[in-house]
Amino acid sequence: MTQGEMTQGANDQRSQLEALYAAMAPQGLQPLWESLHALVLTEPRSPAKPWRWDYAETRSFLMRAGDIISAEQAERRVLIMENPGLAGQAAITPSLYAGLQLILPGEVAPCHRHAQNALRFVMEGSGAFTALDGEKAVMEQFDLVLTPAYQWHDHGNDGDAPMIWLDGLDIPTVRLFDASFAERLGSAAHPETAAPGDTLARYGHNMRPMRGSAADRRPAGRPLFHYPYADWRPALQSLATAGEIDPHFGHALEFTNPADGGPVLSTISAHVRLLPAGFESRTRQATDGTVFVVCEGTGELRLGEETIALKPRDVVVVPSWVPHRFLAATELVLFAYSDKASQVKLDLYREFNH
Ligand code: GTQ
């Protein structure tokens, strides 16, 4: 065959294929061979981008929203932290959602429940509450509060300052499975079922009320929903004092469900890290795209050529499989959440420590 005949043959094939695609597309049929390598990647290549939300900037937009719309009218007054690589998807990673919620003094966010699992991580303020099935968790800075799937929750602010927290939800995961249900209670607040702090008092000390006894009031599989900073910060400090440092994580503690030692939510895992001043972590990559909140200190996140500066209350996201390492300028304390809980269940989780 001459060069010309080969080109002619390729052109014939292309035009025949294009005709085939056009004819079969209305029947819901597409050729795998045109997209195989984009569908079955040799390794993760996330459409999500590494990104940082500067707290002061984000906060100023949120406060502006607070001047315009009430929490009650909005139902949830939240600025979605949408990953620029996932435009229009209300997602910070392909599986997870993040948003910054504001409740002003005297406001309420009405009671509802839904299939989505949520965690709240307090960014600023004091004395507002999340009520779970009618029990208030009074929230302080850097507390972690859970609202697991289908448990009633409402929020309110009895204090005298704005309260801002990060909402971490599995909204995109629930959307992937087409499994969303939601309902409103109908009244703004759930009737009180227990005094504030009751669950923490009963289940928060590595013990639990005797099963079947009158005191055993919480769901057996997931009793605890409040992990105060006043508890986790000293625990992290004790670890740092007691133990050798991990070259990849620094000093790290995962929040656990006391019922089984597993992740805090069925779809979301959460942990905290302490990196001493001057510490440079070794590079790691993992399939769980992770959202980090800087609680204390300053430093840098290095992702290949890219450097993201870290300061208190900034939120940063590291997408799946992006090699990254942390440098602590001063002692750095980080909160993190990811979909590791889901991925482990689905046998998808992989990590590589360099
Ligand atoms: O508080 O239940 O940021 O349902 C997004 C969806 C918060 C909530 C969000 C929600 C909530």
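Please refer to the structure placed before this passage.
Residues numbered from 1 in each chain as written. Predicted model: local features only at pLDDT ≥ 70, side-chain atom pairs only at ≥ 80, totals over all residues. Heavy atoms only, no water.

Trainee: So what's going on with the site of the ligand? Residues and values would help.
Mentor: Taken together, the residues surrounding the ligand are Arg76, Val78, Tyr97, Gln101, His112, His114, Arg120, His153, His155, Asp167 and Leu169. Measuring from an oxygen atom of the ligand, one finds a side-chain N or O atom of His114 at 3.1 Å. When isolated, the ligand has an accessible area of 290 Å², and the protein chains bury 87% of it. At the level of secondary structure, the elements contributing two or more residues to the shell around the ligand comprise β3 (97-103), β4 (108-114), β9 (153-157) and β10 (163-169). (Near = heavy atom within 4 Å. Polar contact = N/O pair within 3.5 Å; in protein donor to acceptor, adjacent residues only side chain to side chain. Areas by Shrake-Rupley, 256 points an atom, 1.4 Å probe, with all protein chains shown as cover. Helix = DSSP H or I, 4+ residues; strand = E, 2+ residues; numbered from the N terminus.)

Trainee: Before we move on, could you go through the environment of Ser281 and cite the residues and values that matter?
Mentor: Within the secondary structure, Ser281 sits in the loop between β14 (269-275) and β15 (284-286). For Ser281, a relative accessible area of 2% corresponds to the buried category. A C-alpha to C-alpha distance of 38 Å links Ser281 and Ala220, two positions 61 residues apart in sequence. When residues no more than four places from it in sequence are discounted, the contact partners of Ser281 are Pro247, His248, Arg325 and Phe326. (Buried < 20%, exposed > 50% of the residue type's maximum accessible area, 1.4 Å probe, protein only. Contact = heavy atoms within 4.5 Å.)

Trainee: Any chance you could break down the pattern of salt bridges for me, citing the residues and the numbers?
Mentor: Within the structure shown, the criterion is met by 19 salt bridges. Among the salt bridges present, the one from Arg184 reaches Glu75, with a minimum N-O distance of 2.4 Å. Of this pair, Arg184 sits in strand β11 (residues 182-184) while Glu75 is found in the loop between α4 (71-74) and β2 (78-80), placing the two residues 109 residues apart along the sequence. When its relative accessible area of 60% is taken as the criterion, Arg184 is described as exposed. A salt bridge links Glu183 to Arg113; its shortest N-O distance comes to 2.7 Å. Of this pair, Glu183 sits in strand β11 while Arg113 sits in strand β4, placing them 70 residues apart in sequence. Under the relative-accessibility criterion, Glu183 is labelled partly exposed at 39%. When its relative accessible area of 25% is taken as the criterion, Arg113 is described as partly exposed. (Salt bridge = Lys/Arg side-chain N within 4 Å of Asp/Glu carboxyl O.)

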